[in-house]
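# Breakdown of the fold
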Amino acid sequence: MPVDSALFENLRNELRRGSLVLAVLTQLRSEQYGYTLRKALAEHGMAIDEGTLYPLLRRLETQGLLVSEWREEEKRNKRFYKISRDGKLVLKQLLAEWQGIGLALEEVLKESGHGNS
(Lines give C-alpha, C1' and ligand atoms only; values in the text may rest on other atoms or scores of the structure.)
Protein backbone atom coordinates (compact mmCIF):
# COMPACT_ATOMS: atom_id res chain seq x y z
CA MET A 1 0.00 0.00 0.00
CA PRO A 2 1.60 3.33 -1.07
CA VAL A 3 2.16 6.04 1.54
CA ASP A 4 -0.01 9.15 1.29
CA SER A 5 2.26 11.67 -0.49
CA ALA A 6 0.86 14.63 1.49
CA LEU A 7 1.59 12.81 4.74
CA PHE A 8 5.13 11.99 3.59
CA GLU A 9 5.72 15.59 2.51
CA ASN A 10 4.57 16.92 5.91
CA LEU A 11 6.84 14.49 7.77
CA ARG A 12 9.75 15.28 5.46
CA ASN A 13 9.30 19.02 6.06
CA GLU A 14 9.23 18.41 9.81
CA LEU A 15 12.46 16.44 9.58
CA ARG A 16 14.16 19.17 7.53
CA ARG A 17 13.05 22.10 9.72
CA GLY A 18 15.64 21.59 12.47
CA SER A 19 18.28 20.64 9.92
CA LEU A 20 17.79 23.96 8.14
CA VAL A 21 18.41 25.92 11.34
CA LEU A 22 21.70 24.08 11.82
CA ALA A 23 22.67 24.57 8.17
CA VAL A 24 21.84 28.31 8.21
CA LEU A 25 23.71 28.97 11.46
CA THR A 26 26.70 27.01 10.19
CA GLN A 27 26.79 28.83 6.84
CA LEU A 28 26.51 32.21 8.53
CA ARG A 29 29.78 31.81 10.41
CA SER A 30 30.89 33.92 7.45
CA GLU A 31 28.75 36.90 6.48
CA GLN A 32 26.37 36.45 3.56
CA TYR A 33 23.21 37.96 2.14
CA GLY A 34 20.09 35.94 1.40
CA TYR A 35 20.76 35.04 -2.22
CA THR A 36 24.31 33.78 -1.62
CA LEU A 37 23.13 31.87 1.45
CA ARG A 38 20.38 30.15 -0.56
CA LYS A 39 22.87 29.29 -3.28
CA ALA A 40 25.42 27.87 -0.80
CA LEU A 41 22.77 25.78 0.93
CA ALA A 42 21.51 24.42 -2.40
CA GLU A 43 25.06 23.50 -3.43
CA HIS A 44 25.25 21.39 -0.27
CA GLY A 45 21.94 19.63 -0.97
CA MET A 46 19.85 21.81 1.35
CA ALA A 47 17.64 23.66 -1.11
CA ILE A 48 15.36 26.21 0.55
CA ASP A 49 12.89 28.57 -1.04
CA GLU A 50 12.77 32.29 -0.31
CA GLY A 51 9.41 31.97 1.45
CA THR A 52 11.06 29.72 4.02
CA LEU A 53 14.52 31.28 4.24
CA TYR A 54 13.68 34.92 4.91
CA PRO A 55 11.16 34.25 7.71
CA LEU A 56 13.71 31.85 9.24
CA LEU A 57 16.43 34.53 9.09
CA ARG A 58 14.10 37.09 10.72
CA ARG A 59 13.16 34.60 13.46
CA LEU A 60 16.80 33.70 14.18
CA GLU A 61 17.67 37.39 14.35
CA THR A 62 14.76 38.10 16.71
CA GLN A 63 16.01 35.23 18.89
CA GLY A 64 19.42 36.90 19.02
CA LEU A 65 21.20 34.15 17.07
CA LEU A 66 21.98 36.33 14.03
CA VAL A 67 22.87 39.95 13.42
CA SER A 68 22.25 41.77 10.17
CA GLU A 69 22.93 45.08 8.50
CA TRP A 70 21.89 46.78 5.29
CA ARG A 71 24.70 47.79 2.95
CA GLU A 72 24.93 48.95 -0.60
CA GLU A 73 26.70 46.51 -2.89
CA GLU A 74 26.73 46.69 -6.69
CA LYS A 75 24.43 49.74 -6.45
CA ARG A 76 21.79 47.73 -4.57
CA ASN A 77 20.91 47.62 -0.90
CA LYS A 78 21.44 44.14 0.51
CA ARG A 79 20.92 42.79 3.98
CA PHE A 80 23.96 40.89 5.22
CA TYR A 81 23.59 38.27 7.94
CA LYS A 82 26.13 36.77 10.31
CA ILE A 83 25.89 34.49 13.32
CA SER A 84 26.01 36.37 16.63
CA ARG A 85 28.09 35.51 19.68
CA ASP A 86 25.04 33.88 21.29
CA GLY A 87 24.34 32.14 17.98
CA LYS A 88 27.80 30.57 18.06
CA LEU A 89 27.17 29.22 21.56
CA VAL A 90 23.77 27.84 20.59
CA LEU A 91 25.19 26.33 17.40
CA LYS A 92 27.84 24.51 19.41
CA GLN A 93 25.15 23.08 21.71
CA LEU A 94 22.85 22.17 18.81
CA LEU A 95 25.66 20.40 16.96
CA ALA A 96 26.46 18.32 20.06
CA GLU A 97 22.77 17.46 20.38
CA TRP A 98 22.55 16.63 16.64
CA GLN A 99 25.52 14.28 16.91
CA GLY A 100 24.00 12.57 19.96
CA ILE A 101 20.68 12.10 18.18
CA GLY A 102 22.51 10.75 15.12
CA LEU A 103 24.40 8.17 17.17
CA ALA A 104 21.25 7.10 19.02
CA LEU A 105 19.31 6.83 15.76
CA GLU A 106 22.07 4.72 14.19
CA GLU A 107 21.80 2.31 17.13
CA VAL A 108 18.01 2.11 16.86
CA LEU A 109 18.23 1.50 13.10
CA LYS A 110 20.97 -1.08 13.53
CA GLU A 111 18.88 -3.00 16.07
CA SER A 112 15.85 -2.94 13.79
CA GLY A 113 17.84 -4.13 10.78
CA HIS A 114 17.46 -0.83 8.90
CA GLY A 115 20.97 0.49 9.51
CA ASN A 116 23.85 0.62 7.07
CA SER A 117 25.91 -1.94 9.01
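All values derive from a computational prediction rather than experimental measurement. (Residues numbered from 1 in each chain as written. Predicted model: local features only at pLDDT ≥ 70, side-chain atom pairs only at ≥ 80, totals over all residues. Heavy atoms only, no water.)

## Re the overall build of the protein chain
On a plain count of helices and strands, the protein chain comes out with four helices and three strands. What you see in the protein chain, going N to C, is helices and strands ordered as α-β-α-α-β-β-α. For 117 residues, the compact-globule estimate of 2.2 N^0.38 gives 13 Å, and the C-alpha radius of gyration of the protein chain, at 17 Å, exceeds that figure by more than 25%. Viewed in the frame of its principal axes, the protein chain has a C-alpha envelope of about 55 × 35 × 25 Å. Classification of the 117 residues of the protein chain by burial places 26% in the buried group. In the protein chain, once contacts between residues fewer than 6 apart in sequence are set aside, the share between residues at least 24 apart is 47%. As displayed, the protein chain has an accessible area near 8700 Å², and 54% of this comes from carbon and sulfur atoms. (Helix = DSSP H or I, 4+ residues; strand = E, 2+ residues; numbered from the N terminus. Rg over C-alpha atoms; globule rule 2.2 N^0.38 Å. Buried < 20%, exposed > 50% of the residue type's maximum accessible area, 1.4 Å probe, protein only. Contact = heavy atoms within 4.5 Å. Areas by Shrake-Rupley, 256 points an atom, 1.4 Å probe, with all protein chains shown as cover.)

## Some remarks on the nonpolar core
One finds V24, L25, L57, L60 and L66 to be the most contacted residues of the largest nonpolar core, which totals 20 residues. The element contributing the most residues to this core is helix 1 (residues 5-27), with six residues. Excluding anything up to four places from it in sequence, V24 contacts L37, L41, L53, L56, L57 and L60. (Core = buried A, V, L, I, M, F, W, Y, C linked by side-chain atoms within 4.5 Å.)

## Remarks on the sheet that holds strand 2 (residues 66-73)
Strand order in the open sheet made by the three strands is 1-3-2, with antiparallel pairing throughout. Looking along the sheet, the strands with just one partner apiece sit at the ends: strand 1 (32-33) and strand 2. Pairing analysis gives two bridges linking strand 1 to strand 3 (residues 76-83), with the strands arranged antiparallel. What sits directly across from Y33, in strand 3, is F80. Each of strand 2 and strand 3 is contacted by helix 3 (residues 50-62), which is oriented at about 125° to strand 2, the strand it contacts most. (Pairing = 2+ DSSP bridges. Axes fitted to C-alpha atoms, helices over the stretch in contact; angles between N-to-C directions.)

## Considerations on the packing of aromatic side chains
In the structure shown here, the tally under the stated rule is one aromatic pair. With centroids separated by 5.4 Å and ring planes inclined at 70°, the aromatic side chains of Y33 and F80 adopt a geometry described as edge-to-face. With Y33 in strand 1 and F80 in strand 3, this pair connects stretches of sequence that are 47 residues apart. For the pair shown, Y33 and F80 are each scored as buried. Between the NZ or CZ atom of R71 and the centre of the ring of F80, over which it lies, the distance is 4.1 Å. (Phe/Tyr/Trp six-rings, centres within 6.5 Å; stacked < 30°, edge-to-face > 60°. Lys NZ or Arg CZ within 6 Å of the ring centre and 35° of its normal.)

## Considering a nonpolar patch on the surface
On the surface, a cluster of nonpolar side chains totalling about 400 Å² of accessible area is made up of V3, L7, F8 and L11. Looking at the element boundaries, V3 is found in the segment before helix 1. Take V3: its relative accessible area is 61%, and that puts it in the exposed class. (Patch = residues over 30% accessible without salt bridge, like charges linked within 9 Å, V, L, I, M, F, W, Y side chains within 5 Å. Salt bridge = Lys/Arg side-chain N within 4 Å of Asp/Glu carboxyl O.)

## Description of helix 1
If you check helix 1, its first and last C-alpha atoms are 31 Å apart, about what 23 residues at 1.5 Å a residue would give, namely 33 Å. Along helix 1, the largest kink reaches about 30° and is centred on R17. Turning to helix 1, its buried residues are S19, L20, V21, L22, A23, V24, L25 and Q27. Those residues of helix 1 hidden inside the fold are in contact with strand 1, helix 2 (34-43), helix 3, strand 2, strand 3 and helix 4 (85-112). (Expected span 1.5 Å × (residues − 1). Bend = angle between axes of the 7 residues up to and from the residue.)

By themselves these figures say nothing about function.
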